[in-house]
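Examining the three-dimensional arrangement
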Amino acid sequence: MEKFFSTATTPDVQYQQTLADSYQDARHINRIIAESQIQAEKEIHVYAAKQEISAQQNLYKEKQKLWERIVENERCRNIYDSVTITAEGEVTATVCNLYDNPPSRVITNMRSPKLTHLLHLNNQDESAYKVTANVADSIVTVYFDCQMIGNGSYLVKRFATQGIIFLAKAASQKRDYAQLLFTVLLAQNPPCVYVPDNPGWTDFPETGFAFIYKEELTWNKLKAKLK
């Protein structure tokens, strides 16, 4: 008698096969999830590294800008103008700093300025200054109120009344040059001259009596010139 064997699977076998397939699918899914997590972590690390590099670069740029500002401020702080009257009578200025000393340049059209301190003979609390200088081969005289010589604008205007100009583009630079020049002149120990109120015989403190002619300077004339 022949024996026949059936190839049909039992329910238990089918269930086990389904479990095996599900297990394989789960392992595949877990592997995909793990790989995705690893890739995500790599991308996070790369992004964080890029952000750190960018932050460091920005910090370096800010530090560089700050250093450049400090250097520029230090350079500016050590820059100053020095005004000099040369042996030839030229009034020159030199821009000086710790790093460079460029050549001097002429800053005005007057030459050989001389300062005189004028004292009111009858009231020595009142005084004025007189500057004489050469301008275009002529001798000019400028009078200054001694209470105003710290005002650069006043000095520039007073010099301009006699055709004296300062060679600078900016008005502030002209004012600075005028004040620096006056400082140089004051440092030269200018002579003092007593000025009487009116012409005629006058008793001077150091030289005694002298006759003042009508064409000579008196305090009344000087007050008019200062207006």
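Predicted model only: the values in this text are computed from it and were never measured.

1. Some words on the environment of Y154
Note on placement: Y154 falls in helix α2 (residues 152-160). Sequence separation between Y154 and R175 is 21 residues, and the spatial gap between their C-alpha atoms is 8.5 Å. Not counting residues within four places of it along the chain, the set of residues in contact with Y154 comprises Y143, F144, D145, M148 and L226.

2. A few points about the packing of aromatic side chains
Under the criterion given, the structure shown has seven aromatic pairs. With a centroid separation of 5.5 Å and an interplanar angle of 75°, the aromatic rings of F159 and F166 are classed as edge-to-face. Side by side, F159 and F166 carry an identical accessibility label, which is buried. Judged by centre distance (5.4 Å) and plane angle (70°), the rings of W201 and F211 are edge-to-face. Of the two residues, W201 sits in strand β7 (residues 200-204) while F211 sits in strand β8 (residues 208-212), which places them 10 residues apart along the sequence. Judged by its relative accessible area of 36%, F211 falls in the partly exposed class.

3. Looking at the pattern of salt bridges
A complete count under the given rule lists one salt bridge for this structure. Across the pair R111 and E90 runs a salt bridge, and its minimum N-O distance is 3.4 Å. Remark: E90 occurs in strand β2 (residues 90-96) and R111 occurs in strand β3 (residues 105-120); sequence separation between them is 21 residues. By relative accessible area, which is 29% here, E90 ends up partly exposed.

4. Notes on the nonpolar core
Among the nonpolar cores identified, the biggest contains 26 residues, and M110, F144, L155, F159, F166, L181 and F182 are the most heavily contacted of them. Looking at this core, the elements that each hand over two or more residues are β2, β3, β4 (127-135), β5 (138-145), α2 and α3 (171-186). Considering every element that reaches this core, the biggest residue donor is α3, with five residues. In contact with M110, other than residues within four places in its own chain, are G89, V91, A133, N134, V135, F159, I164, F166 and L181. Core analysis: the next-biggest nonpolar cluster, separate from the first, contains six residues, L118, V195, W219 and L222 among them.

5. Some details on α2
Of the residues making up α2, those classed as buried are G152, Y154, L155, V156, R158 and F159. At its buried positions, α2 is contacted by β3, β4, β5, α3 and α4 (219-225). Of the residues that open α2, the one with a side-chain oxygen 3.0 Å from the backbone nitrogen of S153 is N151.

Criteria and thresholds
- Residues numbered from 1 in each chain as written.
- Predicted model: local features only at pLDDT ≥ 70, side-chain atom pairs only at ≥ 80, totals over all residues.
- Heavy atoms only, no water.
- Helix = DSSP H or I, 4+ residues; strand = E, 2+ residues; numbered from the N terminus.
- Contact = heavy atoms within 4.5 Å.
- Phe/Tyr/Trp six-rings, centres within 6.5 Å; stacked < 30°, edge-to-face > 60°.
- Buried < 20%, exposed > 50% of the residue type's maximum accessible area, 1.4 Å probe, protein only.
- Salt bridge = Lys/Arg side-chain N within 4 Å of Asp/Glu carboxyl O.
- Core = buried A, V, L, I, M, F, W, Y, C linked by side-chain atoms within 4.5 Å.
- Polar contact = N/O pair within 3.5 Å; in protein donor to acceptor, adjacent residues only side chain to side chain.

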